[in-house]
Amino acid sequence: MKKILFVLFVLLVTCGFAAAQEEEGLGLSAGVELGFGDVADKAVFGATPQLAYENSFLDGALDVAAGIEYTFTFEDGTPQELFAEEDIGYNLFLNDTSVLTFNLHNENDFSTVPDFDAAGDGSIFEPSVAYGLALDAGDLVFVVGFPIGYQPETTFGAYATAGFVFPFGLGVEATANLDISPDAGYAETNLLFSYGADSFTAELEIDADGEFKAYTISPYLEWYFGSWTVWAGVDFDNIGGEGSVTVEPYIGVKYSF
């Protein structure tokens, strides 16, 4: 899941990826996600094998993650798509309760069949800085990032995120996104509610366009069974916008080594 990676980063930055160091394993995971297209119009089955790696080094100061996905869509011509992302972060522990994280993120999304071309959001390089503070009432985090698109065109943007996670697992996160170039303006707003427990994580993401006229609502559930992770979600897109609302469910499973 692409969308959950940033959520995990926000939740983990406040503790400097300490959990990753305590857990045994190689940091590898392999799985597959099954999508069903827009079931409100025409269901189209798709399969996405996934491979990911994440680990922490230098006593939790350096975090490295990478993932690759390849999607087969089973319709005329069997379109195929490759998505890859890489992430590296350095945690500067200011004291026992606060950490400053410098992060570099890169992702590439390409159509490979029938033609090799940019797909989805294309290619984006994103530097960001996060500050996490552990309080008695919970964990507070602020993130500022500057996404730079370099394929198929050059674009510049900025975003600011504020999040809070209560000790009992409930989290809330709000993000304001700006377009800087080629067209300057307010792009969209993201609001995320999450709840994490030992055996599952639940999320509700709400995205609004710059004019707050069209919305995407995305509930998501993830369950943990030892080394296995199972997830399910659905995206309700274009709510309130012109045209029809799309409904795209998906399920997935992975194994961590």
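Only a predicted model underlies this, so the values are computations on that prediction, with no experimental measurement involved. (Residues numbered from 1 in each chain as written. Predicted model: local features only at pLDDT ≥ 70, side-chain atom pairs only at ≥ 80, totals over all residues. Heavy atoms only, no water.)

1. Structural notes on the pattern of salt bridges
For clarity, the cut-off: One speaks of a salt bridge when a side-chain nitrogen belonging to Lys or Arg is within 4 Å of a carboxyl oxygen belonging to Asp or Glu. Buried residues are those whose accessible area, probed at 1.4 Å on protein chains only, stays under 20% of the maximum for their type, while exposed residues exceed 50% and partly exposed ones sit between those limits.
This structure, assessed with the given rule, holds 1 salt bridge. Two residues, E211 and K213, come together in a salt bridge whose shortest N-O distance is 3.5 Å. Residues E211 and K213 agree in their burial class; the two are exposed.

2. Side note on the environment of A232
Here is the rule we go by: Here a strand is any run of E in DSSP of at least two residues, a helix any run of H or I of at least four, and the numbering for each starts at the N terminus. Two residues form a contact once any of their heavy atoms are found within 4.5 Å.
On the secondary structure map, A232 appears in strand β14 (residues 228-239). Each residue touching A232, except ones within four places of it in the same chain, is listed here: P219, Y220, L221, W223, Y250 and I251.

3. Details of the side chain of N91
The criterion, for reference: The definition of a polar contact used here is a pair of N or O atoms within 3.5 Å, where within protein one atom must be able to donate a hydrogen and the other to accept one, and adjacent residues in sequence count solely through side-chain atom pairs.
Within the fold, N91 resides in strand β4 (residues 80-93). Judged by its relative accessible area of 2%, N91 is buried. In this structure the side chain of N91 is engaged in a polar contact, spanning 2.5 Å, whose partner is the side chain of D63.

4. Structural notes on the environment of G77
With respect to the secondary-structure elements, G77 resides in the loop between β3 (62-73) and β4. Taking the relative accessible area as the measure of exposure, G77 reaches 64% and is therefore exposed. A sequence separation of 96 residues divides G77 from E173, and the C-alpha atoms of the two residues are 40 Å apart.

5. Details of the pairing of strand β11 (residues 185-196)
Selection criterion: Any two strands are treated as partners once DSSP identifies two or more bridges connecting them.
Summarising the sheet, strand β10 (residues 170-181) and β11 pair through 10 bridges and their orientation is antiparallel. Paired with G171 across the strands is S194, a residue of β11. The antiparallel hairpin formed by β10 and β11 contains 3 residues in its connecting segment. Two strands pair when backbone bridges link them, and β11 and strand β12 (residues 200-209) are joined in this way by 9 bridges, in the antiparallel orientation. Of the residues in β12, the one forming a bridge with E188 is D209. Between the antiparallel neighbours β11 and β12 lie 3 residues.

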